[in-house]
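Structure at a glance
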Amino acid sequence: MWRGCPLQNQKRMPVLSPRLRAIADWVRPDAVLADIGTDHALLPVLLRLSGKVRQALASDIGAGPLGRAAETVAQYGAEGITLIRCDGLQHPAFAAATDLVIAGMGGELIAAILAAAPALHTPERRWLLQPMSRDPQLRAYLCRAGFVLDRERVIQEGRHLYPLLAAYWDGRPRRCEAVFGEIGLLRSRQGAAEAAWIAARLRALEEKRRGLERASNPVENPGAVQRLIEAIREADV
């Protein structure tokens, strides 16, 4: 695991939140990083100052976030960072990226950004995805679009829990089973954050089942939800 900046680099470094720090740990050494929806550009600035990545692209759709990113780059004197204003991955510069981060968005929006850039779906690229909501929809998209989800963890930041997914593309669509959509590769044995996250997911499904049972005309079979709950518990070993 990457442990931060080399000793010879004495520059002042930005402080990352636990969520961004976990993402930084998963970026491969000597990568060309693309940070989509960068906001303050803290992640690319730290990874460039530390020497972990050889180049970084930081993009956002809005002028305000990109302006804040430029201020961070100037504040820390970071070099080798290209700031791009664009929607999602719709810029030719992303063709050079090897490790692409899309974090802090809903799972459906992350899936839409990926779907709109099929030319970037190549086996050598690594995708680090951190959905704030609707992670089952993101896993379902990854399966049907030919991505392999090869690593997951949960990051605790204060009282909040965030899933982090790592994926690569092999071009072979897969069926996304309901249990995989809900918890992916996450298991309670991984740690306290994963156990808490799965427990919260089960509580939400239990609440959904009870609501369906109370409804006069339920839109979904409560028995199917109960079977999903039982299947998740069985898989979480």
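Now for the sheet that holds strand 2 (residues 53–60). Ordered by their spatial adjacency, seven strands build an open sheet running 3-2-1-4-5-7-6, and the pairing between neighbours is mixed. The open sheet terminates on both sides in strands that have one partner only, identified here as strand 3 (81–85) and strand 6 (147–157). Within the sheet, the average angular offset between the axes of one strand and its neighbour, ignoring direction, is 20°. Across five bridges, strand 2 lies against strand 3 in parallel orientation. The residue of strand 3 that forms the bridge with Ala58 is Leu83. In this fold helix 2 (residues 42–50) packs onto strand 1 (31–36), strand 2, strand 3 and strand 4 (99–106), with an angle of close to 170° to the strand it touches most, strand 2.

Let's shift gears to the layout of surface pockets. Of the voids in this model, the largest pocket is the one considered here, and its volume is about 230 Å³. In this structure, the largest pocket is lined by 14 residues; those nearest its centre are Arg19, Leu20, Gly37, Thr38 and Asp39. Those elements giving two or more residues to the lining of the largest pocket turn out to be helix 1 (18–26), helix 2 and strand 4. Among the elements that make up the lining of the largest pocket, the one with the highest residue count is strand 4 (four residues). A per-class count over the lining of the largest pocket returns seven nonpolar, four polar and three charged.

Take the nonpolar core next. Core analysis: the biggest nonpolar cluster contains 30 residues, and Ile23, Val45 and Leu47 have the highest contact counts within it. Residue assignment for this core shows that the elements contributing at least two residues are helix 1, strand 1, helix 2, strand 2, helix 3 (63–76), strand 4 and strand 7 (160–169). Judged by nonpolar contacts, the second largest core, of 26 residues, contains Ile36, Trp127, Leu129 and Phe147.

Inspection of the secondary structure puts Gly77 in the loop between helix 3 and strand 3. Looking at Gly77, the relative accessible area reads 34%, which means it is partly exposed. C-alpha of Gly77 to C-alpha of Leu49: the two residues are 28 residues apart in sequence and 8.6 Å apart in space.

Alignment of strand 6 against strand 7, held across ten bridges, turns out to be antiparallel. Considered in strand 7, the bridge of Leu149 is made with Ala167. Hairpin geometry of strand 6 and strand 7 is characterised by an intervening segment of two residues between the two adjacent antiparallel strands and by a positive phi of about 65° at Gly158.

Rules behind the numbers
Residues numbered from 1 in each chain as written. Predicted model: local features only at pLDDT ≥ 70, side-chain atom pairs only at ≥ 80, totals over all residues. Heavy atoms only, no water. Pairing = 2+ DSSP bridges. Helix = DSSP H or I, 4+ residues; strand = E, 2+ residues; numbered from the N terminus. Axes fitted to C-alpha atoms, helices over the stretch in contact; angles between N-to-C directions. Contact = heavy atoms within 4.5 Å. 1 Å grid on protein atoms, 1.4 Å probe; cavity = no way out; pocket = protein on both sides within 12 Å on 5 of 7 lines; lining within 4 Å. Points joined across faces, edges and corners; volume = space filled by probe spheres on them. Nonpolar A, V, L, I, M, F, W, Y, C, P; charged D, E, K, R; others polar. Core = buried A, V, L, I, M, F, W, Y, C linked by side-chain atoms within 4.5 Å. Buried < 20%, exposed > 50% of the residue type's maximum accessible area, 1.4 Å probe, protein only.

Just geometry here; none of it tells us what the structure is for.
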